[in-house]
Amino acid sequence: MCGIVAGVGIENLESVLLDGLSRLEYRGYDSAGIALNSMEAESVLLVKTPGKVKKLRKKLNSMSTEERGLQFSAGVAHTRWATHGAPTEVNAHPHSDTAGTFFIVHNGIIENYVELKKRLIDEGQKFSSETDSEVLAHLVAECYDGDFLKAVAAALKQVKGTYGVAVLSTKHPDALVVARKGSPIVIGLTANGVLAASDTAALVAHTSEVIYLDDGDIALLSPGNADIRNLDDLPVSREKMKIDWDLSVVEKSGFEHFMLKEIFEQPKALRDTIRGRLDHEQGAAVLSGLNLSPKEMLDANRIIIAACGTSMHAGMVGEYFFEDLADIPTEIEQAAEFRYRNPIISPNTLVIATSQSGETADTLAAVREAARKGASTIGICNVVGSTIAREVDRGIYLHAGPEIGVASTKAFTCQVVALLMTALKLARSRRLTREAGISLVSEIERIPELAAAVLEKNDLIKEVAEKYSEAENFFFIGRGNLYPVALEGALKLKEISYVHAEGYHAAELKHGPIALLEENVPVVALANDVPGKEKILGNIQECAARKSPVVAITTEGDDSVAESADVTIPVPRSSVFTTPVSTAIALQLFAYHFANKRGCEIDQPRNLAKSVTVE
Ligand code: M6R
């Protein structure tokens, strides 16, 4: 959840690290800090602050040259999402050992830090923070006998938990050590120096040549070199990869917020998810990463989709696809629950993990539990090289491009489409006819156009969202595969506007929540012209009778909802399988404009982080 950037032998190191941190701020933004090995003063400049990277930058800028030095050989920087200890200056990273020789930045959780801390204190070490991470600095100091890499490896061998870590030492001004277990570290090679980060977004301005560390890897970085080993000091070889996107994808490019940019990127993102993956002739999906044999597809008798948050809502939409199209009983599991409730898994069970980041701790744990029990695991991830993507047996990348806004938007619609194509692939190897397949392929091909048409309604949606911008409570209701879209609409609204919003199955409303309806509680009803619409019309009337204003998402050309709803937002007519995409985009815009009107901090909502790497 935290962001790490580190560098050695890099020109303008301070600004490179600060710019990198700003690009990682979406991962966590409670506090920030930097430690730089000064070339002139032979000491470390350590600056930390609660709050965002801009505050850290200001603090650095306010220091005199004498106080801070100008030239730095190596540095580590961090933006934090607090787990152990409040977001204060002392709890901000980097943390150092008692003598101030080693400075560490850490992403992850040290589960046995209490016992380690107690032992280290008994041995005379002085702790300054309440964090679990600080033990690492003291452990490295304890293990140090002149070999930097070996000291960090020996320290890491003593910890239980997860880490992406970068360590700086006053004894080795031209080197850094980085390591990973459970939290990503990617190394970026530049002409002279070496950078490392928790995310390629921090590196893309400086290099397109990267190396992803695997769990258990540790690397000594020095100008022009990355020596990668395992914790037993044996060299390991990791492939150099090219990042295939440029700086523009991690910049706002004229949009007020990343969230709005990413909403508007959906036609392209969806096209990229679909590209080359449909066979018109056979009415089938060609998903090379999903290399199940025809027999495995035929034998599949159960699908479990494990995911969290928005990705779970996409999975809930997928549940309808697998049952309707492929005839395979499907369940959606909250990933956090999966491994603790002893799930029943047979050899023909397919477990699908959907995750934008590919790093969500609970989803990863579900994948590992499923694999342990012999299931075939499939990953649907956006981030290339992410942990889930690497651990599953097979998978599909979304190719949606980096998603920076904490509120997930384009990843959701691309996940829905990836799940639809997966269902089509399975369906065609089972009972779906070629004709039905061809018709679905045409519908899927239309999705980018549909998305673009919804975006044309931006002004209308803005007007509607602003009309209700004073409401403090909302309900979102839907049926069929639009029920999970209603859940997603409510999640989007609450996470960026802090307004209470609940998603409900339209029929469930009258089993309790209807008690809350009154004139200042708007209901957003997903009343598209797909099977179930007549029923939702009845539900809309039930809401209107309680004086709740109803905002209905409808289908263009279908006027049947207009007289019961206060406002309608028509989206283009589409098949029952693709309507969740267009409807979700309308709700994303609604949430965005609602929150923007209320002056909320949209890209970095309070208490949240983009990638939830703790349980
Ligand atoms: O990276 P993942 O898709 O696994 O993340 C899962 C959730 O943490 C994520 O979808 C979260 O709910 C978003 N903030 C929703 O906008």
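This is a predicted model, so every value here is computed, not measured. (Residues numbered from 1 in each chain as written. Predicted model: local features only at pLDDT ≥ 70, side-chain atom pairs only at ≥ 80, totals over all residues. Heavy atoms only, no water.)

Undergrad: Please explain the overall build of the protein as it appears in this structure.
TA: When helices and strands are tallied, the protein shows 20 helices and 26 strands. Since a compact globule built from 615 residues should have a radius of gyration of about 25 Å, the 25 Å found for the protein is in line with a globular shape. Dimensions of the protein, computed from the C-alpha atoms along their principal axes, are close to 75 × 55 × 45 Å. Evaluated residue by residue, the protein yields a buried proportion of 60% over its 615 residues. (Helix = DSSP H or I, 4+ residues; strand = E, 2+ residues; numbered from the N terminus. Rg over C-alpha atoms; globule rule 2.2 N^0.38 Å. Buried < 20%, exposed > 50% of the residue type's maximum accessible area, 1.4 Å probe, protein only.)

Undergrad: I keep staring at the site of the ligand and nothing clicks. Help me out?
TA: Neighbouring the ligand are 14 residues, the closest being Ser 311, Ser 355, Ser 357, Thr 360 and Glu 495. Thr 310 places a main-chain nitrogen or oxygen 3.1 Å from an oxygen atom of the ligand. Between the ligand and Ser 408, the relevant distance is 2.8 Å, taken from an oxygen atom to a main-chain nitrogen or oxygen of the residue. For the ligand, the protein covers 91% of the area, taking 410 Å² as the surface of the free molecule. (Near = heavy atom within 4 Å. Polar contact = N/O pair within 3.5 Å; in protein donor to acceptor, adjacent residues only side chain to side chain. Areas by Shrake-Rupley, 256 points an atom, 1.4 Å probe, with all protein chains shown as cover.)

Undergrad: How should the layout of surface pockets be read in this particular structure?
TA: Sizing a probe to match a water molecule and rolling it over the atoms shows the empty space that remains. Empty space within the largest pocket amounts to approximately 950 Å³. If you trace the largest pocket, you find 42 residues lining it, with Trp 245, Asn 382, Val 384, Gly 401 and Pro 402 closest to the centre. If you list the elements that add at least two residues to the lining of the largest pocket, you get strand 11 (209-212), strand 14 (241-242) and helix 8 (266-274). It is helix 8 that provides the largest number of residues to the lining of the largest pocket, a total of three residues. Partitioning the lining of the largest pocket into residue classes produces 17 nonpolar, ten polar and 15 charged. Each of domain 1 (2-250) and domain 2 (258-445) contributes no fewer than three residues to the lining of the largest pocket. One number sums up the size of the second largest pocket: a volume of about 600 Å³. What lines the second largest pocket is a set of 33 residues, among which Cys 308, Gly 309, Thr 310, Lys 610 and Val 612 lie closest to the centre. Among the elements of the structure, helix 10 (309-326), helix 11 (335-338), strand 19 (349-355), helix 12 (361-372) and helix 18 (483-497) are those that each provide at least two residues to the lining of the second largest pocket. Broken down by element, the lining of the second largest pocket gets its largest block of residues, four residues, from helix 10. (1 Å grid on protein atoms, 1.4 Å probe; cavity = no way out; pocket = protein on both sides within 12 Å on 5 of 7 lines; lining within 4 Å. Points joined across faces, edges and corners; volume = space filled by probe spheres on them. Nonpolar A, V, L, I, M, F, W, Y, C, P; charged D, E, K, R; others polar. Domains from an automatic or database assignment.)

Undergrad: Honestly, the sheet that holds strand 6 (residues 102-107) in this entry has me stumped. Any pointers?
TA: Either a parallel or an antiparallel arrangement is found when strands of a sheet pair, and the pairing is made through backbone hydrogen bonds. Taking strand neighbours across the sheet as the criterion, the six strands line up as 5-6-7-8-12-13 in an open arrangement whose pairing is antiparallel. Because the sheet does not close on itself, it has two edges, and the strands there are strand 5 (95-96) and strand 13 (225-230). Helix-sheet contacts for helix 5 (residues 134-143) involve strand 5, strand 6 and strand 7 (163-169), and the interaxial angle to strand 6 is about 140°. Running at roughly 155° to strand 12 (residues 217-222), helix 6 (residues 148-157) makes contact with strand 6, strand 7, strand 8 (176-181), strand 12 and strand 13 of the sheet. (Pairing = 2+ DSSP bridges. Contact = heavy atoms within 4.5 Å. Axes fitted to C-alpha atoms, helices over the stretch in contact; angles between N-to-C directions.)

Undergrad: Can you walk me through the nonpolar core in this structure?
TA: The tendency in soluble globular proteins is for nonpolar side chains to be buried side by side. With 88 residues, the main nonpolar core has Ile 444, Phe 474 and Phe 476 as its most contacted residues. The element contributing the most residues to this core is helix 14 (residues 410-428), with 13 residues. When we break this core down by domain, the ones giving at least three residues each are domain 2 (258-445) and domain 3 (454-615). Residues Val 16, Leu 21, Leu 45 and Leu 60 belong to the second largest nonpolar core, which totals 34 residues. (Core = buried A, V, L, I, M, F, W, Y, C linked by side-chain atoms within 4.5 Å.)

Undergrad: I tried to follow unusual backbone geometry on my own but got confused; where do I start?
TA: Peptide bonds are mostly trans, and most non-glycine residues show a negative phi. Cis peptide bonds are those with omega within 30 degrees of zero, and the linkage from His 93 to Pro 94 qualifies with -5°. Structurally, Pro 94 can be placed in the loop between strand 4 (72-80) and strand 5. Here the phi dihedral of Asp 233 falls at roughly 70°; this positive angle occurs in a residue that is not glycine. By the secondary structure assignment, Asp 233 is in the loop between strand 13 and strand 14. We classify Asp 233 as partly exposed; its relative accessible area is 27%.

Undergrad: Just checking my understanding: could you explain the pattern of salt bridges for this structure?
TA: Pairs can form between side chains of opposite charge once their charged atoms are near each other. Per the stated rule, a full pass over the model turns up 36 salt bridges. As a salt-bridge pair, Arg 57 and Asp 19 come within 3.0 Å of each other at their nearest N and O atoms. In this pair, Arg 57 is assigned in helix 2 (residues 53-61) and Asp 19 in helix 1 (residues 13-24), connecting sequence segments 38 residues apart. According to the relative accessible area criterion, Arg 57 is partly exposed, its value standing at 27%. The exposure class of Asp 19 is partly exposed, given its relative accessible area of 35%. A salt bridge links Lys 157 to Asp 232, with the shortest nitrogen-to-oxygen separation between them at 2.7 Å. (Salt bridge = Lys/Arg side-chain N within 4 Å of Asp/Glu carboxyl O.)

Undergrad: Would you mind showing me how to read the packing of helix 14 against helix 15 (residues 434-445) here?
TA: Contact geometry of helix 14 with helix 15 gives a least axis separation of 11 Å together with a crossing angle of 165°. The orientation of helix 14 relative to helix 15 falls into the category roughly antiparallel. For the element pair helix 14 and helix 15, the recorded crossing hand is left-handed. Here Val 417, Leu 420, Met 421, Leu 424 and Arg 428 of helix 14 lie close against helix 15, whose contacting residues are Arg 434, Gly 437, Leu 440, Val 441 and Ile 444. Partitioning the contact of helix 14 with helix 15 into residue classes produces seven nonpolar, one polar and two charged. (Parallel < 35°, antiparallel > 145°, perpendicular 65-115°, else oblique. Left-handed = near helix turned anticlockwise from the far one by under 90°.)

Undergrad: What is the right way to read the domain arrangement of the protein from this model?
TA: Reports often express the size of an interface as the amount of accessible area lost when the parts come together. Annotation of the protein at the domain level lists domain 1 (2-250), domain 2 (258-445) and domain 3 (454-615). On the domain 3 side, the residues contacting the ten residues of domain 1 number ten residues. Both faces combined, the contact of domain 1 with domain 3 buries some 940 Å², and carbon together with sulfur accounts for 50% of it. Summed over the three residues of domain 1 that lose the most area to domain 3, namely Tyr 26, Tyr 29 and Trp 81, the buried surface amounts to 50% of that side. (Buried area = accessible area lost by both parts, 1.4 Å probe.)

Undergrad: I would appreciate a short explanation of the packing of aromatic side chains in the present structure.
TA: Aromatic ring pairs are reported here in terms of the distance separating the ring centres and the angle at which the planes meet. By the definition in use, this model includes ten aromatic pairs. Plain terms: the ring middles of Phe 474 and Phe 590 are 5.9 Å apart, the flat faces sit at 80° to each other, and that makes the pair edge-to-face. Taken together, the residues span a long stretch of sequence, with Phe 474 in strand 22 (residues 473-478) and Phe 590 in helix 20 (residues 579-597) at a distance of 116 residues. Judged by relative accessible area, which is 2%, Phe 590 ranks as buried. Members of the aromatic cluster, each reached through a chain of ring pairs, are Phe 474, Phe 476, Phe 590 and Phe 594. (Phe/Tyr/Trp six-rings, centres within 6.5 Å; stacked < 30°, edge-to-face > 60°.)

Undergrad: Sorry if this is basic, but what is going on with the pairing of strand 3 (residues 44-50) here?
TA: The side chains of a regular strand alternate between the sheet's two faces. Among the seven residues of strand 3, five are classified as buried, and the element is accordingly described as predominantly covered. For strand 2 (residues 31-38) and strand 3, the ladder comprises seven bridges, and the chain directions are antiparallel. Pairing of Ile 34 across the sheet is with Val 47, part of strand 3.

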